[in-house]
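Remarks on the overall topology
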Amino acid sequence: MTKTLTFLGLESSCDDTAAAVVRHTPGDAPEILATVVAGQTDLHADFGGVVPEIAARAHTEKLDLCVEEALAASDLNLTDLDAIAVTAGPGLIGGVLAGVMCAKGLSAGSGLPLVGVNHLAGHALTPRLTDQATFPYLMLLVSGGHCQFLIAKGPEEFSRLGGTIDDAPGEAFDKTAKLLGLPQPGGPAVEAEARKGDEKQFRFPRPLLDRPGCDMSFSGLKTALLRERDRQVAEHGGLHQADRADLCAGFQAAVRDVLIEKSRRALAEYLSLSPEEPTLAVAGGVAANKALRSGLETLCGDLGVAFLAPPMHLCTDNAAMIAWAGMERFRLGAQDDMSLAARPRWPLDRTAPAMLGSGKKGAKA
Ligand code: KG4
Ligand code: ZN
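Residues numbered from 1 in each chain as written. Chains lettered and ligands numbered in written order. Predicted model: local features only at pLDDT ≥ 70, side-chain atom pairs only at ≥ 80, totals over all residues. Heavy atoms only, no water.

**A look at the domain arrangement of the protein**
- Looking at the protein, the domain boundaries give domain 1 (5–130 + 317–363) and domain 2 (133–313).
- Summarising the inter-unit geometry, the C-alpha centres of domain 1 and domain 2 are found 26 Å apart.
- With both sides pooled, the region where domain 1 packs onto domain 2 buries about 2500 Å², and carbon together with sulfur makes up 63% of that total.
- At the surface where domain 1 touches domain 2, the tally comes to one salt bridge.
- If you look at where domain 1 meets domain 2, you find six residue pairs in polar contact (both at pLDDT 80 or more).
- Put simply, the parts of the chain that give the side of domain 1 that touches domain 2 at least two residues each are α4 (119–131) and α11 (320–331).
- Broken down by element, the residue count for the side of domain 1 that touches domain 2 peaks at ten residues, all from α4.
- A per-class count over the side of domain 1 that touches domain 2 returns twelve nonpolar, nine polar and six charged. (Domains from an automatic or database assignment. Buried area = accessible area lost by both parts, 1.4 Å probe. Salt bridge = Lys/Arg side-chain N within 4 Å of Asp/Glu carboxyl O. Polar contact = N/O pair within 3.5 Å; in protein donor to acceptor, adjacent residues only side chain to side chain. Helix = DSSP H or I, 4+ residues; strand = E, 2+ residues; numbered from the N terminus. Nonpolar A, V, L, I, M, F, W, Y, C, P; charged D, E, K, R; others polar.)

Encoded structure:
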């Protein structure tokens, strides 16, 4: 299908309500006409994680407002669109349902086609939206809710090389911040603190590096950190600022080392496919971490692999990636109808073994 397409995208699978409009003419770079994200961090702040019922209610309240805002910002009406794409899973089921119901209502009212999108495909196809990446490329998805290596071979063809078997790295950063009395979201706070510390002062484990493959585990790290924090408090009668900075630096170094070593293994597997333009792309909130980014850049430089990091607002949850992934599916002939189901779990790669983890932000796949 070679025609110019304009899609509305909706996203509500976790704690961001989002709507966006994306236009694309084959041969040109896609254009994001509008992207609106209404976060819910404040609503969940007192609970130490995302509360599914609160999230679902907030999505229901905000979805139509986000749609109106996105259409107004792109100066378009529903009738100017070609289809509506919506996240149909995986995620917190109440939120996914809110988005799917909203999209069905818009589709029924306007007569526009409906396209259900896998949220993970949205992340995984973002390098094509931002940089026109060519298949196959390797993707490291690393956020508060996800952590996996995917080889993207086509808009609907992904091979998962491995992922976390428990917490996602962002979750580990958030829990570490909580244990050390730092604000949420924990990633930026722990990173800032780590910059003042010495990563060699405390040596934390590098879980699963002794096992082959690309699976990872991050939940044991916070236990190790808790034990070290308590030892410091017992020895010194409190946690000194310098020790807190060293704990953050040691923790961040452990996460970085695991992700870099597993990336090296994932790259070896990916490069065995002899891709024409070898590329590693990252997405997810943890991709903002400078220690991780520079480690990945060095690794890619050493191996002659291009490194792609989309701008942060497109690395974190947004609806532009959903509009884009929906368009890629639609161009392949895919379309859904009113029977489109909201799915709490929806692995991208159905041949890979099931992921065990289901953290505070819902199912990992
Ligand atoms: O992709 P995202 O916005 O949301 C989902 O997880 O769905 O990612 C947020 C996560 C949080 O856990 C946050 O602590 C982490 O990304 N994060 C970071 C950094 N910035 C955000 N982790 C490490 N270093 C950072 N600079
Ligand atoms: Zn996400």
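**Quick word on unusual backbone geometry**
- The peptide bond linking G89 to P90 adopts the cis configuration, its omega dihedral lying at -15°.
- Structurally, the position occupied by P90 is in the loop between β4 (83–89) and α3 (93–110).
- Cis geometry is adopted by the peptide bond preceding P136, which originates at F135 and carries an omega value of -10°.
- Topologically, P136 is positioned in the loop between α4 and β6 (137–142).
- Even without a glycine there, the phi angle at S274 is positive, about 50°.
- Its place among the elements puts S274 in the loop between α8 (241–271) and β9 (279–283).
- Overall, the relative accessible area of 60% leaves S274 in the exposed class. (Buried < 20%, exposed > 50% of the residue type's maximum accessible area, 1.4 Å probe, protein only.)

**Topic: the environment of A124**
- Structurally, A124 can be placed in helix α4.
- A relative accessible area of 0% places A124 in the buried class.
- Taking the C-alpha atoms as reference points, A124 and C315, 191 residues apart in sequence, are found 9.8 Å from one another.
- For A124, the contacting residues outside a window of four places in its chain are Y137, M139, L150, F158 and L348. (Contact = heavy atoms within 4.5 Å.)

**Some points on the pattern of salt bridges**
- Counted according to the given criterion, the structure contains 16 salt bridges.
- Residue R231 pairs with E235 through a salt bridge whose shortest N-O separation is 3.3 Å. With R231 and E235 both in helix α7 (residues 219–236) and four residues apart, the pair spans about one turn of that helix.
- When its relative accessible area of 43% is taken as the criterion, R231 is described as partly exposed.
- Taking relative accessible area as the criterion, E235 reaches 51% and is therefore assigned exposed.

**Focus: the sheet that holds β6**
- Spatially, five strands are ordered β8-β7-β6-β9-β10 in an open sheet, and the strand pairing comes out mixed. Lying at the two open borders of the sheet, with one neighbouring strand each, are β8 (157–163) and β10 (306–308). Shown here is a sheet whose adjacent strand axes are inclined to one another by a mean of 20°, direction ignored.
- Alignment of β6 against strand β7 (residues 147–154), held across six bridges, turns out to be antiparallel. Note that in β7 the partner of Y137 across the bridge is A152. (Pairing = 2+ DSSP bridges. Axes fitted to C-alpha atoms, helices over the stretch in contact; angles between N-to-C directions.)

**Topic: the coordination of the zinc ion (ligand 2)**
- H119 (NE2), H123 (NE2), H146 (NE2) and D317 (OD) make up the full set of protein donors to the zinc ion (ligand 2), lying at 2.1 to 2.7 Å.
- For the zinc ion (ligand 2), the four donor atoms in the first shell make angles of 88 to 163° at the metal, so the coordination geometry reads as irregular.
- Taking the relative accessible area as the measure of exposure, H123 reaches 1% and is therefore buried. (Donors = N, O, S within 2.8 Å, 3.2 Å for Na, K, Ca; no water. Tetrahedral: all angles 85-135°; square planar, octahedral: opposite > 155°, others 65-115°.)

**Considering the site of ligand 1**
- The local shell around ligand 1 holds 19 residues, among which G144, D174, G187, E191 and G285 are the closest.
- Contact distances for ligand 1 include 3.1 Å between an oxygen atom and a backbone N or O atom of G145.
- Protein chains shield 90% of the accessible area of ligand 1, which is 540 Å² for the free molecule.
- Residue assignment for the shell around ligand 1 shows that the elements contributing at least two residues are α5 (169–179) and α6 (186–195).
- Counting residues per element, the shell around ligand 1 draws most heavily on α6, at four residues.
- Residues that form the shell around ligand 1 fall into these classes: five nonpolar, ten polar and four charged. (Near = heavy atom within 4 Å. Areas by Shrake-Rupley, 256 points an atom, 1.4 Å probe, with all protein chains shown as cover.)

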